[in-house]
2 protein chains.
Amino acid sequence: MKTSDYKIDSGKSAKLDSFPTRYEGKLTKEEGLKKLAELTERLQVLQDLLYADGRKAILVVLQAMDAAGKDSTIKKVFGPINPQGCKVASFKTPNSTELAHDFLWRIHQNVPRRGHIGVFNRSHYEDVLIVRVKELAPKDIVKKRYDHINNFEALLHDEGTHVVKFFLHISRDHQKAQLQERLDTPEKNWKFSPQDIPERLRWDDYQKAFEHVFEKCSTPEAPWYIVPAERKWFRNLLVAQVLVETLESMNLEYPKVDFDPREIKIP
Amino acid sequence: MKTSDYKIDSGKSAKLDSFPTRYEGKLTKEEGLKKLAELTERLQVLQDLLYADGRKAILVVLQAMDAAGKDSTIKKVFGPINPQGCKVASFKTPNSTELAHDFLWRIHQNVPRRGHIGVFNRSHYEDVLIVRVKELAPKDIVKKRYDHINNFEALLHDEGTHVVKFFLHISRDHQKAQLQERLDTPEKNWKFSPQDIPERLRWDDYQKAFEHVFEKCSTPEAPWYIVPAERKWFRNLLVAQVLVETLESMNLEYPKVDFDPREIKIP
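Here is what the cut-offs are and how they apply
- Residues numbered from 1 in each chain as written.
- Chains lettered and ligands numbered in written order.
- Predicted model: local features only at pLDDT ≥ 70, side-chain atom pairs only at ≥ 80, totals over all residues.
- Heavy atoms only, no water.
- Helix = DSSP H or I, 4+ residues; strand = E, 2+ residues; numbered from the N terminus.
- Rg over C-alpha atoms; globule rule 2.2 N^0.38 Å.
- Buried < 20%, exposed > 50% of the residue type's maximum accessible area, 1.4 Å probe, protein only.
- Contact = heavy atoms within 4.5 Å.
- Buried area = accessible area lost by both parts, 1.4 Å probe.
- Salt bridge = Lys/Arg side-chain N within 4 Å of Asp/Glu carboxyl O.
- Polar contact = N/O pair within 3.5 Å; in protein donor to acceptor, adjacent residues only side chain to side chain.
- Patch = residues over 30% accessible without salt bridge, like charges linked within 9 Å, V, L, I, M, F, W, Y side chains within 5 Å.
- Areas by Shrake-Rupley, 256 points an atom, 1.4 Å probe, with all protein chains shown as cover.
- Lys, Arg positive; Asp, Glu negative; His and termini not counted.
- Charge placed at Lys NZ, Arg CZ, Asp CG, Glu CD.
- Expected span 1.5 Å × (residues − 1).
- Least-squares fit on C-alpha atoms with pLDDT ≥ 70 in both.
- Phe/Tyr/Trp six-rings, centres within 6.5 Å; stacked < 30°, edge-to-face > 60°.
- Lys NZ or Arg CZ within 6 Å of the ring centre and 35° of its normal.
- Pairing = 2+ DSSP bridges.
- Axes fitted to C-alpha atoms, helices over the stretch in contact; angles between N-to-C directions.
- Parallel < 35°, antiparallel > 145°, perpendicular 65-115°, else oblique.
- Left-handed = near helix turned anticlockwise from the far one by under 90°.
- Nonpolar A, V, L, I, M, F, W, Y, C, P; charged D, E, K, R; others polar.

Draft legend 1. Here's a closer look at the overall build of chain A. Within chain A, the regular secondary structure consists of 10 helices and 5 strands. For 267 residues, the compact-globule formula gives about 18 Å, and the C-alpha radius of gyration of chain A, at 20 Å, lands near that figure. With respect to the three principal axes, the spread of C-alpha positions in chain A is 70 × 45 × 40 Å. Going through the 267 residues of chain A one by one, you find that 53% of them count as buried.

Draft legend 2. Summary view of the interface of chain B and chain A. Each side of the interface is counted separately: chain B has 39 residues, and chain A has 39 residues. Counting each side, the surface lost to burial between chain B and chain A is near 3,700 Å², with a carbon and sulfur contribution of 66%. It is Gln84(B), Trp190(B) and Ile266(B) that lose the most area in chain B upon contact with chain A, and together they represent 20% of the buried surface on that side. Remark: the boundary between chain B and chain A carries 2 salt bridges. Across the pair Asp48(B) and Lys75(A) runs a salt bridge whose closest N-O atoms are separated by 3.5 Å. At the junction of chain B with chain A, the criterion picks out 11 residue pairs in polar contact (both at pLDDT 80 or more).

Draft legend 3. Structural view of a positive patch on the surface. Side chains of Arg132(A), Lys139(A), Lys143(A) and Lys216(A) sit close together on the surface and give a patch of like positive charge. Position of Arg132(A) among the secondary structure elements: in helix 5 (residues 130-133).

Draft legend 4. Expanded view of helix 10 (residues 232-248) of chain B. With 17 residues, helix 10 of chain B extends 24 Å from end C-alpha to end C-alpha; this agrees with the ideal 24 Å at 1.5 Å per step. Within helix 10 of chain B, 14 of the 17 residues are buried, which leaves it mostly tucked inside the rest of the structure.

Draft legend 5. View of the relation of the copies chain B and chain A. With an axial shift of 0.0 Å and an RMSD of 0.0 Å, the rotation relating chain B to chain A amounts to 180 degrees. Read as a symmetry element, the transformation amounts to a two-fold axis. Looking at the rotation axis and the C-alpha trace of chain B, the residue lying nearest is Pro80(B), at 2.6 Å. Both copies contact each other with a shared surface, as 100% of the interface residues of chain B are interface residues in chain A too.

Draft legend 6. Region of the structure containing the packing of aromatic side chains. Residue and element names in this part refer to chain A. Taken as a whole and judged by the stated rule, the model has 24 aromatic pairs over all chains. Seen in terms of ring centroids, Phe210 and Phe214 are 5.9 Å apart; in terms of plane orientation they differ by 20 degrees. Their pairing is stacked. Separated by 4 residues within a single helix, Phe210 and Phe214 lie in helix 9 (residues 203-217), roughly one turn from each other. Relative to Phe234, the ring of Trp233 has its centre 6.0 Å away and its plane inclined at 90 degrees; by these criteria the two rings are edge-to-face. An aromatic cluster of three or more residues is present, and its members are Tyr125, Phe167, Phe210, Phe214 and Trp224. Directly above the ring of Phe103 sits Arg145, whose terminal nitrogen or CZ lies 4.6 Å from the centroid.

Draft legend 7. The sheet that holds strand 4 (residues 161-169) of chain B, seen in detail. All names here are of chain B. Read across the sheet, 5 strands follow the order 2-3-1-4-5 without closing on themselves; strand pairing throughout is parallel. Both edges of this open sheet fall to strand 2 (86-90) and strand 5 (224-228), since each of them pairs with a single strand only. Going from strand to strand, the sheet's axes swing by 20 degrees on average, the running direction of each strand aside. Here 5 bridges tie strand 4 to strand 5, and the two strands are oriented parallel to one another. Looking across to strand 5, one finds that Leu168 is bridged to Val227. On top of the sheet, helix 9 (residues 203-217) reaches strand 1 (57-64), strand 4 and strand 5; it is set at about 150 degrees to strand 4, its chief contact.

Draft legend 8. Broad picture of the pattern of salt bridges. Per the counting criterion, the structure on display carries 34 salt bridges over all chains. Residue Lys134(B) pairs with Glu199(B) through a salt bridge whose shortest N-O separation is 2.9 Å. Remark: Glu199(B) occurs in helix 8 (residues 196-201) and Lys134(B) occurs in the loop between helix 5 (130-133) and helix 6 (139-158); sequence separation between them is 65 residues. A relative accessible area of 28% places Lys134(B) in the partly exposed class. For Glu153(B), the salt bridge goes to Lys165(B), with nearest N and O atoms at 2.6 Å. Separated by 12 residues along the polypeptide, Glu153(B) in helix 6 and Lys165(B) in strand 4 bring together distant segments of the chain. Classification of Glu153(B) by relative accessible area gives buried; the value is 3%. Exposure remark for Lys165(B): the relative accessible area of 0% places this residue in the buried category. Each of Asp66(A), Arg122(A) and Glu126(A) takes part in a single network of salt bridges with overlapping partners.

Draft legend 9. Quick look at the packing of helix 2 (residues 70-78) of chain B against helix 10 of chain B. Residues and elements named next belong to chain B. Direction vectors running N to C along helix 2 and helix 10 enclose 60 degrees, while the axes themselves pass 10 Å from each other. The angle between helix 2 and helix 10 places the two elements in the oblique class. Crossing hand, helix 2 versus helix 10: right-handed. Only Lys232, Arg235, Asn236, Val239, Ala240 and Leu243 of helix 10 make contact with helix 2, whose side of the interface consists of Ser72, Thr73, Lys76, Val77 and Phe78. Tallied by class, residues from the contact of helix 2 with helix 10 come to 5 nonpolar, 3 polar and 3 charged.

Draft legend 10. Looking closely at the pairing of strand 1 of chain B. All names here are of chain B. Across the 8 residues of strand 1, 8 count as buried, placing the element largely inside the fold. Direction of pairing for strand 1 relative to strand 4: parallel, over a ladder of 8 bridges. Note that in strand 4 the partner of Val61 across the bridge is Lys165. The sheet contact formed by strand 1 and strand 3 (residues 117-121) spans 5 bridges and is parallel. Within strand 3, the residue paired with Ile58 across the bridge is Ile117.

In structure tokens, the structure reads:
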């Protein structure tokens, strides 16, 4: 599996129709799960190193249509790593204090500190997705936000935070099945909101808004990956693989100490 | 194993000498690890329920002498649970903004939101431990802090956050061995600080300061547990068991929905 097959090259247009929602490659589920277990172990080692190094951070952005599996990706990929160095931030409808500031204000407050992995469940991209689709802000304001987002992510990158962004890609039919499951399973009823239905009816508008995002905001420093998300094991595998590759590219090191360990006597 | 054996009853004096630092009971390591795996699964289910319920929270406070295993407890007990509902806050030397406020100011900002598990790696107790031992604040100020802590924890409890506090109890010799290991293992060198040695020399003062804390600040709503911490599997087991018992006592429920799932048709 090559992660670059799923990456949007900078400035390229990205038609979602041309990306698979379901992995149909040669890897079997059994092989995939074995590989994921290996990657998870590697991820644990690299996270330890990131934490010890203390000079850099990773920010993972997760976006998707409703019920595509953001929560479950977080649980499965980030569950096994040390919670001391991993913080998840979920961005819901902004509150009045947040709305009283620019759209990146609440985002900036939640970026990971050095040494940490930060995970955004939804993100600043909502401000060019739902806000665009439902016209919650004037068009000319929204239009400028793509540049503001790129500048912000470049700032993070240049100051030591690597940004990777994942779109969990599913089909309209798959979403229907997932929502139906929430209705059919009593312990999942609370995850369903009647508001999900009008959102679902805007499917095509959202897909278009996402395509816009991928075209304008996939940069070499902060790339977007389109993850075929209908098979969970493959979705988790691809996300974990990108994370491992990113961490491995960061030249992390255990800090050098300014004493000679052999010379210290503990009383 | 009865968790109540390790709990400090409200107002009782607690001599640390009379508490074991190493579990020497009947349970074998193999049995303990099996039980821990079962508790971890149960914890995952209960965390899901806590998150779904959304009305209550848990705050876990971890305190210990240096190198007693706070980080490793967090990794092992809280690693397997969903990071979306679990935040760890580490309290280091307060910065100038923090020092410009009362000692509970930075603590309050980090308490878990409803639905979450919050873990404090060190806590407001430092302000009656290191601050007391090294006389970093006037005595009469420190003396009043025990009441302020109890009042603060009662506030949290009454507003829905259950507080459980663990002291990871080790012997002086065990600390020596742990610190030596940091010196002997190159990838662990960075965890050692020459400053650890003068702190170690104040061992007896710290033990006394802890005894004071247990006597004054173990309440039915926010009890202290003295965890024999020299055998890691038992330490993790006891912490997990207390967490499960606490969550089970909280009457958590999946939220009721205000629609009839059978009547909804997904377009």
